[in-house]
Amino acid sequence: MGPHPAVAAIRLAVRRVLHDLLTEHNRTTAAPPHAPSHEPPPPPLVLVACSGGADSTALASALAFEAPRLGIRAGGVTVDHQLQPGSDVRAAEVVLRLRELGLDPVDSVTVTVGRSGGPEAAARDARYAALDTAAERHGAAAVLLGHTRDDQAETVLLGLARGSGIRSLSGMAAVSGAGGRYRRPFLELDRQTARKACMVQSLPVWDDPHNADPAYTRSRLRHEGLPALEKALGKGVVEALARTARLSRDDADALDSWAGEAEATVRDAAGHLECAKLYALPPAVRRRVLRRAAIAAGAPAGSLFARHIEEVDRLITGWRGQGAINLPGKVVARRQGGRLVIRQG
């Protein structure tokens with residue numbers, strides 16, 4: 001008799017990601033033909049980021065089961081955000097559970113959450129910085145994250161509310177981060193599957209009270225917004241939003257590629273952007289070129305919003321002699337003699 005369907009589903013999702021990682025590892029470490037033989041490289045290490053919640057605990061259990069069967073080392077890391085009383089105790093409990101699953105190494109990292117961008121964004125920034133540091137310290141090939149299809153649906157709705165364009169609607173990528181460090185095996189699985197997998201394996205889980213706190217936007221969306229949409233539109237909203245994310249990501253990737261190729265064609269011999277050639281581009285491509293140029297000049301990508309790019313775009317499409325546009329990172333965009341100059345200062 002095989003495992004429970006929920007357990008089988010989470011293991012299959014993780015197995016697919018580990019196969020991809022193993023293929024990448026073997027390709028990058030393969031010796032060139034006719035090279036002298038050396039000792040084979042050590043197997044890759046994959047870490048799981050675990051908060052103790054159902055999603056990440058299910059992910060940790062699947063990694064602990066699948067990794068040894070593929071000859072992959074598996075470890076874990078939990079991040080203590082220090083946002084709740086007893087968070088250090090919770091982190092210690094998560095470390096113990098990960099070790100009981102057979103993961104090694106296992107780290108607990110304490111962070112200080114700032115205020116930039118709001119509490120949710122600040123906590124996320126601190127968490128990813130800690131995960132980056134842990135991955136680099138251990139030489140990990142990847143860090144697995146437990147985001148589910150439900151998380152993806154919420155992310156799409158948040159992007160829609162911000163009006164940030166198709167890239168925002170594409171949600172979370174299955175592979176992201178520097179060098180493809182972050183992998184999300186559960187984006188095709190719902191939250192209930194992960195919770196069921198924990199239950200049938202008798203794995204204790206921790207329910208973060210912040211996830212039910214209406215002070216947080218994502219919490220309100222989860223407990224009020226999505227249920228209201230399902231009541232009004234019927235079941236299947238989460239699946240439809242996740243599908244929207246996949247389709248939007250494909251479109252956004254294609255437009256980004258087009259913009260990368262187009263950028264070289266709209267610069268003069270000195271490397272300046274030519275306004276007439278920019279004007280001739282489709283708006284979606286032109287704005288991507290402008291965004292790339294602003295980031296290259298020093299504007300932080302996370303602080304560069306659609307409204308900034310729209311103002312710069314008006315220097316091309318609605319030129320009336322207006323002055324310079326100030327962008328984040330002390331970057332300034334101005335039109336000079338038929339050229340668009342974007343630089344710091």
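Right above here is the structure, for reference.
Residues numbered from 1 in each chain as written. Predicted model: local features only at pLDDT ≥ 70, side-chain atom pairs only at ≥ 80, totals over all residues. Heavy atoms only, no water.

Tallied over the full model, the rule gives 1 aromatic pair. Between the aromatic rings of Tyr 128 and Tyr 182, the centroid separation amounts to 5.1 Å while the plane-to-plane angle is 90°, which identifies the pairing as edge-to-face. Highlighted residues: Tyr 128 in helix α4 (residues 119-138) and Tyr 182 in strand β6 (residues 182-183), separated in sequence by 54 residues. Above the ring of Trp 206, the side-chain terminus of Arg 90 is found at 5.1 Å from the ring centroid. (Phe/Tyr/Trp six-rings, centres within 6.5 Å; stacked < 30°, edge-to-face > 60°. Helix = DSSP H or I, 4+ residues; strand = E, 2+ residues; numbered from the N terminus. Lys NZ or Arg CZ within 6 Å of the ring centre and 35° of its normal.)

With that out of the way, let us pick up unusual backbone geometry. Negative phi values dominate among residues other than glycine, just as trans dominates among peptide bonds. Following Asp 104, the chain continues into Pro 105 via a peptide bond in cis, with omega recorded as 5°. With a phi angle near 60°, Ser 202 is a residue other than glycine that sits in the positive phi range. Take Ser 202: it is sitting in the loop between α7 (191-200) and α8 (217-233). The exposure class of Ser 202 is exposed, given its relative accessible area of 62%. Despite not being glycine, Lys 330 has its phi angle at roughly 60°, a positive value. Structurally, the position occupied by Lys 330 is in the loop between β8 (325-327) and β9 (331-336). Judged by relative accessible area, which is 72%, Lys 330 ranks as exposed. (Buried < 20%, exposed > 50% of the residue type's maximum accessible area, 1.4 Å probe, protein only.)

Among the nonpolar cores identified, the biggest contains 35 residues, and Leu 18, Leu 63, Leu 103 and Phe 186 are the most heavily contacted of them. Within the residue set of this core, elements represented by two or more residues are α1 (5-29), β1 (45-49), α2 (54-66), α3 (87-100), β4 (142-144) and α7. In terms of residues, this core owes the most to one element, α1, which gives 9 residues. In this view, Phe 186 contacts Ile 10, Ala 13, Val 14, Asp 55, Ala 58, Leu 59, Gly 146, His 147, Thr 148 and Arg 149; residues no more than four positions away in its chain are not counted. (Core = buried A, V, L, I, M, F, W, Y, C linked by side-chain atoms within 4.5 Å. Contact = heavy atoms within 4.5 Å.)

Quick look at the state of the cysteines now. The tally for this structure, following the rule as stated, stands at 0 disulfides. The thiol of Cys 198 is unpaired, and the distance to the nearest cysteine sulfur, on Cys 50, comes to 8.6 Å. A relative accessible area of 2% places Cys 198 in the buried class. (Disulfide = S-S within 2.5 Å.)

Moving on: the environment of Leu 226. Position of Leu 226 among the secondary structure elements: in helix α8. Taking the C-alpha atoms as reference, Leu 226 lies 20 Å from Ala 54; in sequence the two are 172 residues apart. The residues touching Leu 226, leaving out its near neighbours within four places in the chain, are Glu 154, Leu 157, Leu 221, Val 237, Val 238 and Leu 241.

Once that is clear, we can look at the layout of surface pockets. Quantified by volume, the second largest pocket comes out at close to 440 Å³. For the second largest pocket, the lining is made up of 23 residues, of which Ala 174, Arg 184, Pro 185, Leu 187 and Glu 188 are closest to its centre. Looking at which element gives the most residues to the lining of the second largest pocket, the answer is α1, with 7 residues. For the lining of the second largest pocket, a count of residues per class yields 13 nonpolar, 2 polar and 8 charged. (1 Å grid on protein atoms, 1.4 Å probe; cavity = no way out; pocket = protein on both sides within 12 Å on 5 of 7 lines; lining within 4 Å. Points joined across faces, edges and corners; volume = space filled by probe spheres on them. Nonpolar A, V, L, I, M, F, W, Y, C, P; charged D, E, K, R; others polar.)

Another aspect to go through is the packing of α1 against α7. Interhelical geometry of α1 versus α7 gives an angle of 115° and a closest axis separation of 8 Å. Judged by the sense of rotation from one axis to the other, the crossing of α1 with α7 is left-handed. Contacts between α1 and α7 involve Ala 6, Val 7, Ala 9 and Ile 10 on the former and, on the latter, Thr 193, Lys 196, Ala 197 and Val 200. Of the residues that constitute the contact of α1 with α7, the class distribution is 6 nonpolar, 1 polar and 1 charged. (Axes fitted to C-alpha atoms, helices over the stretch in contact; angles between N-to-C directions. Left-handed = near helix turned anticlockwise from the far one by under 90°.)

Two elements in contact, helix α9 (residues 237-265) and helix α11 (residues 283-296), have axes separated by 8 Å at closest approach and are oriented at 70°. When the axes of α9 and α11 are compared, the pair comes out roughly perpendicular. Pair α9 / α11 crosses with right-handed handedness. Contacts from Ala 252, Leu 255, Asp 256, Trp 258, Ala 259, Gly 260, Ala 262 and Glu 263 of α9 reach α11 at Ala 284, Val 285, Arg 288, Val 289 and Arg 292. Class assignment for the residues of the contact of α9 with α11 results in 8 nonpolar, 1 polar and 4 charged. (Parallel < 35°, antiparallel > 145°, perpendicular 65-115°, else oblique.)

The buried fraction of β1 is high, at 5 of 5 residues. Along β1, one buried face is formed by Leu 45, Leu 47 and Ala 49 and the opposite face, lined by Val 46 and Val 48, is buried too. Pairing geometry for β1 and strand β2 (residues 73-80), over 5 bridges, is parallel. Across the sheet, residue Ala 49 finds its bridge partner in β2, namely Val 77. In this view, the connection linking β1 to its parallel neighbour β2 by way of α2 has right-handed handedness. (Pairing = 2+ DSSP bridges. Right-handed = clockwise from strand over helix to strand, strands pointing away.)

Moving on, we come to the sheet that holds β2. Read across the open sheet, the 6 strands follow the order β3-β2-β1-β4-β6-β5; overall the sheet is mixed. Every other strand in the sheet has two partners, leaving β3 (106-110) and β5 (175-176) as the edge strands with one partner each. As paired strands, β2 and β3 are joined by 5 bridges and run parallel to one another. Each bridged residue has a counterpart across the sheet, and for Thr 78 the counterpart in β3 is Ser 108. Lying on the sheet, α3 is in contact with β2 and β3; it crosses β2 at an angle near 170°.

Honestly, that's just the spatial picture; any functional story needs more than this.
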